[in-house]
Protein chains: 2
Amino acid sequence: MARTSGSSSQKTGPLVRAAALRLFAQHGFAAVSMRQIAAEVGVQAGALYRYTPDKQSLLFELMQVHMEELLTTWAEVDAGAEPLARLDSFVRFHILHHLDRADAVFISYMELRNLTPENFAQIEAMRAEYERVLEDILLACGGEGLGDPKLTTLAVLAMLTGVNTWYREGGRLDREAVVQSYVAMVRRVVGV
Amino acid sequence: MARTSGSSSQKTGPLVRAAALRLFAQHGFAAVSMRQIAAEVGVQAGALYRYTPDKQSLLFELMQVHMEELLTTWAEVDAGAEPLARLDSFVRFHILHHLDRADAVFISYMELRNLTPENFAQIEAMRAEYERVLEDILLACGGEGLGDPKLTTLAVLAMLTGVNTWYREGGRLDREAVVQSYVAMVRRVVGV
DNA sequence: AAAAGAAATGAACGCCCGTTTAATTGCAAG
DNA sequence: CTTGCAATTAAACGGGCGTTCATTTCTTTT
């Protein structure tokens, strides 16, 4: 019978993914070797292959989990209230969720080109689904100034995701101040 | 006397940089080998070292030229007219300039972590200078809704640079339509 | 205590890396 | 036509790469 509790493999698997996440984000997928990941976990390189078929799958799984979590978490948060409240709620959610997962966000934007075509298509579909979420909210808000909805969606998402590139904990503005500023800016972009 | 005209080195240098630019953008700095760059130029790997001291300098030079060109080109374009016209002009300039240099833009955002600390600091200084350009314009516009100027600057730049991630020639919207939409959106963000 | 089998090791596989250097090529000046 | 030198080659350097696999270690169940 297989070992079922306290086994090392139930710990090592997550450790491998955590190490890969951190190292990929810091140095880039191509610049990180399986031996580096193994060293971070405290294991030899060969042992990693009990937890992933290869390096590429390791990357894909990190992105996949990240995108799935993004979609399901929003689904839980979304109260489906009146359009304007939903918009504010989305802005807050996006910023805070992304700030809490800086490494995964970084990887998901920077390492798309290292995915196989099939894996890329899968990630891209989830990204499109997420964009659709915001687009639907914008359409429901329907500000009189709202121009092309798809273009506005992409503009707002770029603006929001951009926070990750400069926000630092303990900086001049805290999270709440940032959220409130962006809520106000997004409202103005949308024209409501 | 040295050969002064029609020499091969006056051609090979630019070819090396062009090949590196394209390959770095497509596959990432770490994933591209000196042998790949050499093959693209039609030369052996060793020959590259007449045109760059090492791979890292090749990357740095590409970014440096890109950032310098960004700053000097804006300086030429900037008419220094009334604030609102300058803002519109900046939006137009940023979008079109970046769309014309997709590879260099991509590299300059994605490969920052592959720079040595000294090289990084130099690129970062130029980026800060560029941000300052927009911040000054925003302050001059001084919309009543304008919140934190630095935060607004970063939000607008993220929004504008984001165009590069989705715009495709021959798509649903042409450049002029995109520019006009963004001019309108940026005006609203700034509150003027 | 013995058996079972999962987890991990460590060595090996063939291959590619960035960079250096002596030797060669080929153009242009004299 | 010779000479000089810039441009390039080809080979080599030590080292790291992703991945595989026979073997060993370790933990749990019986």
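Note that the coordinates shown come from a computational prediction; the quantities given were computed from them, not determined experimentally.

J.: If you had to explain the environment of B:N114 to someone new, which residues and values would you point to?
T.: One can find B:N114 in the loop between helix 5 (102-110) and helix 6 (117-141). With a relative accessible area of 17%, B:N114 lands in the buried category. Sequence separation between B:N114 and B:A30 is 84 residues; the distance between their C-alpha atoms is 8.2 Å. With near-sequence residues (within four places) excluded, B:N114 lies in contact with A:H27, B:F29, B:Q56 and B:L59. Within polar-contact distance, the side chain of B:N114 engages the side chain of B:E111 at 2.7 Å.

J.: Quick one: what's the story with helix 7 (residues 149-161) of chain B, residue by residue and with numbers?
T.: Residue and element names in this part refer to chain B. Compared with the 18 Å implied by 1.5 Å per residue over 13 residues, the 18 Å span of helix 7 between its first and last C-alpha is a close match. Those residues of helix 7 not exposed but buried are L151, T152, T153, A155, V156, L157, M159, L160 and T161. Capping the start of helix 7, D148 holds a side-chain oxygen 3.2 Å from the backbone nitrogen of K150, two or three residues further along.

J.: Give a description of the pattern of salt bridges that names residues and reports values.
T.: Two side chains carrying opposite charge are able to pair once their charged atoms lie near each other. Scanning all chains against the criterion turns up 26 salt bridges over all chains. Taking the shortest distance from any N to any O, the salt bridge between A:R22 and A:E40 comes out at 2.7 Å. With A:R22 in helix 1 (residues 9-27) and A:E40 in helix 2 (residues 34-41), this residue pair connects regions lying 18 residues apart in the sequence. In this structure, B:R132 engages B:D136 in a salt bridge whose closest nitrogen and oxygen atoms are separated by 3.2 Å. Separated by four residues within a single helix, B:R132 and B:D136 lie in helix 6, roughly one turn from each other. For B:D136, a relative accessible area of 34% puts it in the partly exposed group. A cluster of three or more residues bridged by salt bridges with shared partners is formed by A:D100, A:E169 and A:R175.

J.: Would you mind going over the relation of the copies chain A and chain B in detail, with residue names and values included?
T.: Of the transformation placing chain A onto chain B, the axial shift is 0.0 Å and the rotation is 180°, giving an RMSD of 0.0 Å. Look at the turn and shift together and you get a two-fold axis relating the two. The residues that chain A uses at the interface reappear at the interface of chain B in 100% of cases, marking a shared surface.

Parameters and conventions
Residues numbered from 1 in each chain as written. Chains lettered and ligands numbered in written order. Predicted model: local features only at pLDDT ≥ 70, side-chain atom pairs only at ≥ 80, totals over all residues. Heavy atoms only, no water. Helix = DSSP H or I, 4+ residues; strand = E, 2+ residues; numbered from the N terminus. Buried < 20%, exposed > 50% of the residue type's maximum accessible area, 1.4 Å probe, protein only. Contact = heavy atoms within 4.5 Å. Polar contact = N/O pair within 3.5 Å; in protein donor to acceptor, adjacent residues only side chain to side chain. Expected span 1.5 Å × (residues − 1). Salt bridge = Lys/Arg side-chain N within 4 Å of Asp/Glu carboxyl O. Least-squares fit on C-alpha atoms with pLDDT ≥ 70 in both.

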